[in-house]
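Survey of secondary and tertiary structure
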Amino acid sequence: MLYQPNMDTVLFYNIYKNRNKSYDFLFVVLKVIFLIILIKGSFPFAQVLEGYTLISRYSDDLEDYEHNTLLISNDGDTINYWLHDRGVASMSYLLRDSTLLYPFRVENPSMCNGGVGGGLIRYSWDGEILWQYEFSDNKYQHHHDISPLPSGNILVLAWERHPEFQDEGSEYYGGLDRGWADMGRVEVENPLNQMWSEAIFEIEMIGTNDFSIVWEWHLWDHLIQDIDPNKPNYGVVSNHFELLDINYGSVGSFDGMCGPQADWIHFNSIDYNHELNQIVISSRYNNEIYIIDHSTTTEEAATHSGGNSGRGGDFLYRWGNPETYGQGTLDHQILEAQHGVNWIPQGFPGEGNLLLFNNFHGDWLSMPVNDWQSAVYEIEPPLIDNFEYQLNGEGFFGPSEPVWIATGEFFSFIQSGAFRLPNGNTLVTVATETRIFEVNSNGQISWEYQMNNDQMVARAQKYSLDYLFPPYTIGDANFDQILNIQDALIIHDMFSGCGYALAPTADFNGDWAIDILDIESLIQNIMAMH
């Protein structure tokens, strides 16, 4: 909405111009109050974050020509647009250098189930392909998510194929005696007679079509079983929260997305915490999230010691379904098919907590299908120092409930997610409804965007106006190419520490400081234009 001054505004400004200089401070205070009143007249109480929302949409038709990524304003105007030959695997990521990382579905994946990917492209702002690679071979298949790191490297999720037995010289991870039966799994429920475990690779992009692996982690190194005492991974499952029971849950099915599949755990999202140097991952099939140490070497990540935590690649924390490690009961299960786990960044309200989208919320099995609901959970992990998470008195990890829940008339049985914004609001994506909305801590919706239901959006992400610095006009704090009262309010929020980092666009008077004087100069300029 463009700002047009009314007669009250003109009167206020004329009084301001002719003020007694001894009342400067009073007028500065009145000016700030006036700005807030003006802007409150244009926005609801649950104030939207001024920023840009990144949306990659796709359909189940892998040949659909409508595969694209949009960067939109709060008004729904397109800021930038990328076209793709293939559909997105989950969500794309806009980097601070204005390039786009796009995980996509390859044409002939080596392993296939929901969330299948296999390829990764880095685009320039103008849509030029700067780098591209496909992670799809007989041993590994990328799926779902990636996580860009501050170093410029990328964490990549991948399925890892294991046959029943692995002989000497086997090409599969672990080599000799590391097949699923060798490792103590009793049976699998798929005609492939395989298990697809999980691996994480940290890669460095090289040139335009190559990469190097700088770190890796394999779930296969952190399994336990209580069936065969003659195998080296034998133990009491309930005594080892740090390991995953290889016999928990079913493995695959006869009729997956692309036919028979052997997906066991189904990780569906990954996020990195720079301050802790830890990784969080989400398993739909186990109804759990896991935290592991990233400070290890690759060699340490394959063991049970090393790294900042001293636990190697074992789980440091897990939450959502303690029955997976022989603790608690069904009543203690909180998660059901969740997606999109991520840390709330430092400096944001709730910093250090975890956010996720719980696809099946509440006692959904007792409800009619049309009454099913999803919910966004914020949880506070029981971190007692930077590396140690505390078990509760019952032998499993808390908390017993989220510290914040957002729920209502929305539901998606697949994908979806939520991200905390710097002003304390939360951006929620409901995948199957192609609905994106911004909600505050009291549950008030301040912004909503509805897309065509012929496609889906796995997860959208919103970036504040200072995330990128394209060519700008001094004073144009929201980059809409118009100087108006909204810019003045954003500048006020910047130097007040209310949700916006300091940005060079706000230094209207050019004194290398962002303060009330910039607002004063900007208001004078706005009034002069009218």
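Conventions used here
The residue numbers shown here count from 1 along each chain, following its written sequence. Local features in a predicted model are, by the rule used here, given only for residues with pLDDT of at least 70; side-chain atom pairs are given and counted only at 80 or more, and totals for whole chains, interfaces and linings are based on all residues. The side-chain values count all of the structure's non-hydrogen atoms but skip hydrogen atoms and water molecules. Cysteine sulfur atoms that come within 2.5 Å of each other are treated as a disulfide pair. Runs of H or I in DSSP of at least four residues are treated as helices and runs of E of at least two as strands, each being numbered from the N terminus. Classification of residues uses two cut-offs on accessible area relative to the type maximum, computed with a 1.4 Å probe and protein chains only: under 20% is buried, over 50% is exposed, and between them is partly exposed. A strand pair is defined by DSSP finding two or more bridges across the two strands. A 1.4 Å probe that fits but cannot get out identifies a cavity on a 1 Å grid over protein atoms alone, an open set with protein on both sides within 12 Å along at least five of seven lines counts as a pocket, and a residue lines either if it has an atom within 4 Å of a point. Grid points are joined across faces, edges and corners, and a volume is the space filled by probe spheres set on the points. The residue classification treats Ala, Val, Leu, Ile, Met, Phe, Trp, Tyr, Cys and Pro as nonpolar and Asp, Glu, Lys and Arg as charged. All others, Gly included, are polar. Grouping buried Ala, Val, Leu, Ile, Met, Phe, Trp, Tyr and Cys residues that are joined through side-chain atoms within 4.5 Å yields what is termed a nonpolar core. Here, residues are in contact when the closest pair of their heavy atoms is within 4.5 Å. The predictor rates its confidence in each residue with pLDDT, a number between 0 and 100. The pairing test for Phe, Tyr and Trp rings, Trp by its six-membered ring, is centres within 6.5 Å, and the orientation test on the planes gives stacked under 30 degrees, edge-to-face over 60, and tilted for anything in between. Whether a charge lies above a ring is judged from NZ of Lys or CZ of Arg, which has to be within 6 Å of the ring centre and within 35 degrees of the ring normal.

Quick look at the state of the cysteines now. The full count for this structure, using the stated rule, is one disulfide. Each sulfur of the disulfide joining C112 and C258 lies 1.8 Å from the other. Highlighted residues: C112 in the loop between β5 (100-105) and β6 (118-123) and C258 in the loop between β14 (253-256) and β15 (259-261), separated in sequence by 146 residues. Take C112: its relative accessible area is 7%, and that puts it in the buried class.

Below, the discussion takes up the sheet that holds β6. Taken in spatial order, the four strands of this open sheet run β4-β5-β6-β7, and their pairing is antiparallel. At either margin of the open sheet sits one strand with a lone partner, and together these are β4 (93-94) and β7 (129-134). Note: β5 against β6, six bridges, orientation antiparallel. Paired with F104 across the bridge in β6 is G119.

Here G259 is to be found in strand β15. Residue G259 is classed as buried on the basis of its relative accessible area, which comes to 17%.

Of all the five residues making up strand β22 (residues 375-379), five are buried; the element is thus mostly covered by neighbouring parts of the structure. Neither face of β22 is exposed, since A375, Y377 and I379 on one face and V376 and E378 on the opposite face are all buried. Where β22 lies against strand β23 (residues 404-407), four bridges are found, and the strand directions are antiparallel. Of the residues in β23, the one forming a bridge with V376 is A406.

On to the layout of surface pockets, then. In this structure, the largest pocket encloses a volume near 1400 Å³. Taken together, 46 residues line the largest pocket, and the ones lying closest to its centre are R96, P345, Q461, Y463 and Y467. Mapped by element, the contributors of at least two residues to the lining of the largest pocket are β4, β8 (140-148), β16 (267-273), β20 (339-343), β24 (417-420) and β29 (461-464). Each residue belonging to the lining of the largest pocket can be placed in one class, and the counts come to 23 nonpolar, 14 polar and nine charged.

Turning to the nonpolar core, a few remarks are in order. Counting 50 residues, the largest nonpolar core has I55, L94 and I436 as its most contacted members. When residues of this core are traced back to their parent elements, those giving at least two are β1 (51-58), β2 (68-72), β5, β6, β27 (445-450), β28 (456-457), α4 (485-496) and α5 (516-529). When residues no more than four places from it in sequence are discounted, the contact partners of L94 are L54, L71, W82, T99, L100, W125, Y463, Y467 and L468. Ranked by size, the runner-up nonpolar core spans 34 residues in total, among them V116, L149, W215 and I281.

The pLDDT averaged across the chain works out to 89; a share of 89% of its residues lies at or above 70. Segment residues 37-45 is flagged for pLDDT under 50; beyond a separation of four residues in sequence, or across chains, it makes 12 contacts in the model.

Quick look at the packing of aromatic side chains now. Enumeration according to the criterion identifies 21 aromatic pairs in this entry. The interplanar angle of 70° and the centroid separation of 5.7 Å between the aromatic rings of F360 and W372 together place this pair among those described as edge-to-face. Of this pair, F360 sits in the loop between β21 (354-358) and β22 while W372 sits in the loop between β21 and β22, placing them 12 residues apart in sequence. Here W372 falls in the partly exposed class, since its relative accessible area comes to 21%. Seen in terms of ring centroids, Y463 and Y467 are 4.5 Å apart; in terms of plane orientation they differ by 35°. Their pairing is tilted. You'll find Y463 and Y467 in the same group, each marked buried. Above the plane of the ring of W447 lies K462, whose end atom (NZ or CZ) is 5.0 Å from the centre.

Burial analysis of strand β18 (residues 288-293) places six of its six residues in the buried class, which makes it a mostly covered element. By the alternation rule, side chains of β18 split into E288, Y290 and I292 and I289, I291 and D293, which are all buried. Pairing of strand β17 (residues 278-283) with β18, which is carried by six bridges, proceeds in the antiparallel orientation. Looking across to β18, one finds that S282 is bridged to I289. Linking β17 to β18, which pair antiparallel, is a turn of four residues; within it N287 sits at a positive phi near 55°. In this sheet, strand β19 (residues 317-319) lies alongside β18 in antiparallel orientation, the contact comprising three bridges. The residue of β19 that forms the bridge with I291 is Y317.

On to unusual backbone geometry, then. Across the junction of G398 and P399, the peptide omega takes the value 10°, indicating a cis bond. Along the polypeptide, P399 turns up in the loop between β22 and β23. Positive phi outside glycine occurs at H144, with the angle close to 55°. Tracing the backbone shows H144 in strand β8. Unusually for a residue other than glycine, S416 sits at a positive phi of about 85°. By secondary structure assignment, the location of S416 is in the loop between β23 and β24. In this structure S416 comes out as buried when scored by relative accessible area, which is 1%.

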